[in-house]
Amino acid sequence: MSKLDKAALGEPATVTAQPDADAFLSVRDLRIHFQTDDGLVKSVDGVSFDVRRGKTLGIVGESGSGKSVTSLGLMGLHRSAPNARVSGEVWLDGQELIAADPDEVRRLRGRKMAMIFQDPLSAMHPYYTVGHQIVEAYRVHHDVSKKAAKHRAIEMLDRVGIPEPDKRVDSYPHEFSGGMRQRAMIAMALVNNPELLIADEPTTALDVTVQAQILDLIRDLQKEFGSAVIMITHDLGVVAEMADDLLVMYAGRPVERGLAESVFSEPRHPYTWGLLGSMPRLDREQTDRLVPIKGAPPSLINVPSGCPFHPRCPYADIPKDNVTRTVRPELTEVGGQHWAACHLSKEQRERIWTEEIAPKL
Ligand SMILES: Nc1ncnc2c1ncn2[C@@H]1O[C@H](COP(=O)(O)OP(=O)(O)O)[C@@H](O)[C@H]1O
Ligand code: SF4
Ligand SMILES: [Mg+2]
């Protein structure tokens, strides 16, 4: 059966990404589905990417596109959801995690990989002091005295820019402002010098100045420790500043990926065009030209046939024979280290981008 026939039958598209021998994290055909009373939710449905040490992968997409479920999957946190079905491969520094022993994954979590969430309160316990929580996070992986661990906690709080860290170490999370809590959570995530840091909308709830400081902080720490970073955000300004590579997700799947530079300068997927025209950016003040993408993201229980973006795509009628409604486009190479999943021909994409989209951005 050809790939096109398979896709028409709704079978998974084949992974087209080339393995990267130098990657610290390699994700291959990751699928995370949830069995619910309403049906099977295909939150992540065939995601592949690589991240090297010292590099940042940006993952963008509207709310509900599967970004958070992807990151929780990498951390092995779906294991606590009994209705989750997970397949694919996640290679972290040569070790495969999906099939690994849960205890082993727990050991890696915190030490080799750590996560920063949008809401620090979800990661911090309200009844324990900030210092106590950082101390515990450190002592899970280091056989040191409480005193030494507390010293380390103060050092980390200082590192993330908390004033008077030797005093604030004994504060409770609610005694911190939102920005301070976010910093404290970053201190906790980084206390073990993780080699992979996953930041899931780390600055969304913060004001612009604090956002910029937190991003600087992540960048500095990344430089210092040479960590691989995954930056999940709906703010294209953030990824424009930070990401080396970019993955654009729609309805649980990647629709475009590549070097951030290429994806920004020559985006090749109509959904990415829509995002560029509709998303506010930290690095751009004007918001009057924002044009929302029409319609809403689909339910991940009933993902549209063919190209999942077709009900919202202004160009769905261009490819011949109604192909956008019947055949799921696979990621195909559209340039050096640049892939997009769209049935438009190279010429059609280039023409639409140059004549219709780029001049309006
Ligand atoms: N435990 C779960 N059970 C059922 N559906 C879930 C579960 N967790 C997430 N989902 C669904 O998966 C989809 C993707 O969610 P998410 O990854 O949080 O999106 P994003 O982070 O891109 O906004 C959503 O439709 C969400 O409702
Ligand atoms: S395949 Fe068709 S519907 Fe999907 S993004 Fe491309 S042009 Fe639009
Ligand atoms: Mg999310």
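About the criteria used
- Residues numbered from 1 in each chain as written.
- Chains lettered and ligands numbered in written order.
- Predicted model: local features only at pLDDT ≥ 70, side-chain atom pairs only at ≥ 80, totals over all residues.
- Heavy atoms only, no water.
- Near = heavy atom within 4 Å.
- Polar contact = N/O pair within 3.5 Å; in protein donor to acceptor, adjacent residues only side chain to side chain.
- Areas by Shrake-Rupley, 256 points an atom, 1.4 Å probe, with all protein chains shown as cover.
- Helix = DSSP H or I, 4+ residues; strand = E, 2+ residues; numbered from the N terminus.
- Nonpolar A, V, L, I, M, F, W, Y, C, P; charged D, E, K, R; others polar.
- Domains from an automatic or database assignment.
- Contact = heavy atoms within 4.5 Å.
- Buried area = accessible area lost by both parts, 1.4 Å probe.
- Salt bridge = Lys/Arg side-chain N within 4 Å of Asp/Glu carboxyl O.

**Side note on the site of ligand 1**
1) Next: Every one of the 13 residues lining ligand 1 counts as a neighbour, but Ser 43, Gly 64, Lys 67, Ser 68 and Val 69 are closest to it.
2) Next: Ser 65 is positioned with one of its backbone polar atoms (N or O) 3.1 Å from an oxygen atom of ligand 1.
3) Next: In the environment of ligand 1, an oxygen atom lies 2.8 Å from a nitrogen or oxygen atom belonging to the backbone of Val 69.
4) Next: For ligand 1, whose accessible area on its own is 560 Å², the fraction buried by protein is 64%.
5) Next: At the level of secondary structure, the elements contributing two or more residues to the shell around ligand 1 comprise strand E1 (25-36) and helix H2 (67-74).
6) Next: No other element matches H2, which puts 3 residues into the shell around ligand 1.
7) Next: Class assignment of the residues belonging to the shell around ligand 1 gives a composition of 3 nonpolar, 8 polar and 2 charged.

**Some details on the domain arrangement of the protein chain**
1) Next: Entries for the protein chain in the domain assignment read domain 1 (3-13 + 23-112 + 194-360) and domain 2 (129-193).
2) Next: Taken together, the contact between domain 1 and domain 2 spans 19 residues of the former and 12 residues of the latter.
3) Next: The largest share of the area that domain 1 buries against domain 2 comes from Pro 194, Leu 217 and Leu 221, three residues that together contribute 33% of it.
4) Next: Scanning the region where domain 1 abuts domain 2 turns up 1 salt bridge.
5) Next: Close ionic contact of Arg 159 with Glu 224 constitutes a salt bridge, the shortest N to O distance being 2.5 Å.
6) Next: Applying the counting criterion to the domain 1 and domain 2 interface returns 6 residue pairs in polar contact (both at pLDDT 80 or more).
7) Next: For the side of domain 1 that touches domain 2, the secondary structure elements donating two or more residues are helix H3 (102-111) and helix H9 (208-225).
8) Next: Per-element accounting of the side of domain 1 that touches domain 2 gives the leading share, 9 residues, to H9.
9) Next: Residue classes in the side of domain 1 that touches domain 2 are distributed as 10 nonpolar, 2 polar and 7 charged.

**Things to note about the side chain of Thr 70**
1) Next: Mapped onto the secondary structure, Thr 70 falls in helix H2.
2) Next: The contact partners of Thr 70, leaving out residues within four places of it in the chain, are Leu 30, Val 44, Phe 49 and Met 249.

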